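Each chain is listed here by its residues.
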Amino acid sequence: MSDNRSQLVGVAVQGSVVSPQLPALPASPYIIGADGKAVLLPAPGGIVYNVSIGDSAYGWLADMVQPGVSIAAAGGANNALRGLACVGNEAIVVSGRALGKRGAVTGKSGRFAEHVILHFDREVLEMIALGDKILVRAIGRGLALSDAADVHLKSMSPRLLDALEVGASESAGVTVPVAAEVPGSLMGAGAGLTSEAGCVQIQTDDRAALATHGVEGLRLGDVVAIRDFDCRWGNGYLKDAVTIGVVVHGDSVRGGHGPGVTPVMTAVGGRIQPQLVAERNIGELLGLKTATGVTA
Amino acid sequence: MLRTNASQLVELAVHGRVWPVAGDHYDYRTTSGGRGATHIGMAGICFTHRVGDAAFGWEADHLEPGVSIRHPDDGDEHALHYLACMGNDAIVTSGACSGATGVVTGEHAHVLVDFPPEAIEMLAVGDEIQIRSLGTGLQLLDHPDVITHKLSPRLLDALDASTTDDMKLQVGVVAEIPSYLMGSGAELSPDYVDQDFMTGDREEIARLGLDRLRLGDIVAVRDEDHGWGRGFYSGAVTIGLIIHGDSAWTGHGPGVLDLLSSRDGGIVPVRSPDANIALTLGLRVPSELERDDQTNHVSSYAMSSDLGGS
């Protein structure tokens, strides 16, 4: 399908590798699970060595683990970083021991974390330090399909669009191969928040519901469809709206939380037709060196 | 009468100030149809709307009825937010109507206090308001599976609630909201603030009759456990209070403030059309709440979202 990529403007946005954050003393360091139990687990952010795009989204002893490297900027610059970085954009280390090494944007985390999540090859990961500066060559804002203007692209780089193999459809506007379909009824935290700069989470407290809907095997980086969910100008329930997104962070014990999905495409009125396939992960689609060989 | 531990609760003063409408509330916000719109409705003193009025149809977003208060110091503000319970007494402690009394009817970006019209006429932005907070720690002794949030003993007594023969908690509600409509606030604590139900699908809201809800209505949310977070859990039931008005933002709508939640099906909602705290707490008389069937249940502001098409 043709698009308007020749008109896009690429700009640099930049952040620093952030440390995971815990509350200052004397506050309790615990998070409270949906069952009321207090637990201390690694918080989102930082450099995660042993969880990568391609690994399971479930089972890790961490709260919303963000694979690879998470970056943020101070103040309004973080809004630009989160708002303009698109999934699949190139990231370049511009300070520290990994100077000049290149990675890719794989997602964005939601409220209270508000990071851009990056993938780097394992040998680069070993060289990166907290505080290192990383530049993102942001391109993708404004991207639109020439023959399906009612299909909204969100945080979508031209590189990811090419990889997704979006097809034209006479009955629907476009077809998109996906690894899973998630019902809108399972979407929790992130509803009512922006669809441009974060993610919306698949609620996992009711494990039986995950099995019922066939989403208990999700992997980080999976391309998924969310049924009856509108992400055109914010995230919310709408019958026959479909959103395509990427699984960007891991599960959580918190009520209303779970794996995060950063929207990359959304349309109302059944204009996106997901096609369920066995595997669909941006690790393979973008050619990232992912396998850690670890499963949760 | 439900057996509780109310005699063991501690009553504490917390405080705030009548909070001004903030300039940034006048920035354009984007409706669910992608239109820019200015919006009013939050903070300050609302002269036109009280608890008991319709939750839909006003030319406002997140309409906060009555008086909105908060405190400029973080510690005081958090104490106000966490400890003020629905149905607590409020008293004005400065200004032209010092000594006037009101009742806590909601908690959103601000704690919402209902005052009678004569006090509303005299109140000024910045006036100090003190709350006699009572309710944190409240337990229902015959319903150990039921968790309370921000529920004063006074409001509990005013609920149409009883213990059934099979030891479940039966609660009268105006309407039931399905879990798939629960939206903004899923990421927040049920002890802090409300959660909106989503009204972007206007057909669905009309089909369920939810567009006829009023501020102050008691509602049930099906399949939502709001014990220590907010999320889908099959069979769970949460009882809440409608505290603010509709919204045209995606994922937003009237706010549901959690009062009671059972993860294990220990709450049985039953229909009770007059379960509105404006009536049950004696804040207003029934004639003031008579429904007008001609009421337009969607404001032009919210409708602008539906005109956006793609």
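In short, a report on the structure.

Now for the overall build of chain B. Secondary structure summary: chain B contains six helices and 17 strands in total. On the principal axes, the C-alpha backbone points of chain B span a range of 50 × 45 × 40 Å. In chain B, which comprises 310 residues, the share counted as buried stands at 58%. Relative to all contacts within chain B whose residues are 6 or more apart in sequence, the contacts with residues 24 or more apart total 71%. As displayed, chain B has an accessible area near 11900 Å², and 50% of this comes from carbon and sulfur atoms. Averaging the coordinates of the 20 positive side-chain charges in chain B and doing the same for the 46 negative ones gives two points 2 Å apart.

Attention now goes to the overall build of chain A. Counting secondary structure elements, chain A contains five helices and 19 strands. Whereas a compact globule of 296 residues would reach a radius of gyration of roughly 19 Å, chain A reaches 18 Å, a difference of no more than 12%. Overall, the C-alpha framework of chain A stretches about 60 × 45 × 35 Å when taken along its three principal axes. Contacts spanning at least 24 positions in sequence make up 70% of the contacts within chain A whose residues lie at least 6 apart. Carbon together with sulfur atoms contributes 53% to the accessible area of chain A, which is approximately 11200 Å² in total. Within chain A, one finds 23 positive and 27 negative side-chain charges whose respective centroids are separated by 6 Å.

All right, on to the sheet that holds strand 6 (residues 101-107) of chain B then. Residues and elements named next belong to chain B. The sheet built from six strands closes into a barrel, its strands ordered 1-4-7-6-5-8 with antiparallel pairing. Adjacent strand axes in the sheet meet at a mean angle of 45 degrees, parallel and antiparallel pairs treated alike. By the bridge criterion, six bridges tie strand 1 (residues 12-18) to strand 8 (residues 128-133) in an arrangement that is antiparallel. Bridging across to strand 8, A13 finds its partner in R132.

Once that is clear, we can look at the sheet that holds strand 12 (residues 174-178) of chain A. Residue and element names in this part refer to chain A. In spatial order, the strands read 11-12-19; together these three strands make up an open sheet with mixed pairing. The open sheet has two edge strands with one neighbour each: strand 11 (167-168) and strand 19 (272-276). The pairing of strand 11 with strand 12 spans two bridges and is classified as antiparallel. Opposite A168, over in strand 12, you have V174 as the bridge partner.

Okay, the packing of aromatic side chains next. Taken as a whole and judged by the stated rule, the model has three aromatic pairs over all chains. Ring plane angle 40 degrees and centroid distance 5.0 Å describe the contact between Y237 of chain A and Y180 of chain B, whose orientation is recorded as tilted. With one member in each of two chains, Y237 of chain A in strand 17 (residues 236-249) and Y180 of chain B in the loop between strand 12 (175-177) and strand 13 (195-196) form a pair that bridges those chains. Accessibility expressed as a relative area gives 10% for Y237 of chain A, which makes it buried. Given the relative accessible area of 21%, Y180 of chain B is considered partly exposed. Their ring planes at 50 degrees and their centres at 6.3 Å tell us that F56 of chain B and F197 of chain B sit as a pair that is tilted. Remark: F197 of chain B occurs in the loop between strand 13 and helix 4 (202-207) and F56 of chain B occurs in the loop between strand 3 (36-37) and strand 4 (67-70); sequence separation between them is 141 residues. Taking the ring centre of W249 of chain B as reference, the NZ or CZ of R29 of chain B above it sits at 3.5 Å.

How big an interface is tends to be stated in terms of accessible area lost as the parts join. On the chain B side, the residues contacting the 33 residues of chain A number 31 residues. Surface buried jointly by chain A and chain B totals about 2400 Å² across both partners, of which 57% is contributed by carbon and sulfur atoms. E187 of chain B serves as the salt-bridge partner of R111 of chain A, at 2.6 Å between the closest nitrogen and oxygen. There are nine residue pairs in polar contact (both at pLDDT 80 or more) connecting chain A and chain B. Taken together, the elements giving at least two residues each to the side of chain A that touches chain B come down to strand 14 (189-192) and strand 17 of chain A. In the side of chain A that touches chain B, the residues fall into 11 nonpolar, 14 polar and eight charged.

Scoring rules and cut-offs
- Residues numbered from 1 in each chain as written.
- Chains lettered and ligands numbered in written order.
- Predicted model: local features only at pLDDT ≥ 70, side-chain atom pairs only at ≥ 80, totals over all residues.
- Heavy atoms only, no water.
- Helix = DSSP H or I, 4+ residues; strand = E, 2+ residues; numbered from the N terminus.
- Buried < 20%, exposed > 50% of the residue type's maximum accessible area, 1.4 Å probe, protein only.
- Contact = heavy atoms within 4.5 Å.
- Areas by Shrake-Rupley, 256 points an atom, 1.4 Å probe, with all protein chains shown as cover.
- Lys, Arg positive; Asp, Glu negative; His and termini not counted.
- Charge placed at Lys NZ, Arg CZ, Asp CG, Glu CD.
- Rg over C-alpha atoms; globule rule 2.2 N^0.38 Å.
- Pairing = 2+ DSSP bridges.
- Axes fitted to C-alpha atoms, helices over the stretch in contact; angles between N-to-C directions.
- Phe/Tyr/Trp six-rings, centres within 6.5 Å; stacked < 30°, edge-to-face > 60°.
- Lys NZ or Arg CZ within 6 Å of the ring centre and 35° of its normal.
- Buried area = accessible area lost by both parts, 1.4 Å probe.
- Salt bridge = Lys/Arg side-chain N within 4 Å of Asp/Glu carboxyl O.
- Polar contact = N/O pair within 3.5 Å; in protein donor to acceptor, adjacent residues only side chain to side chain.
- Nonpolar A, V, L, I, M, F, W, Y, C, P; charged D, E, K, R; others polar.

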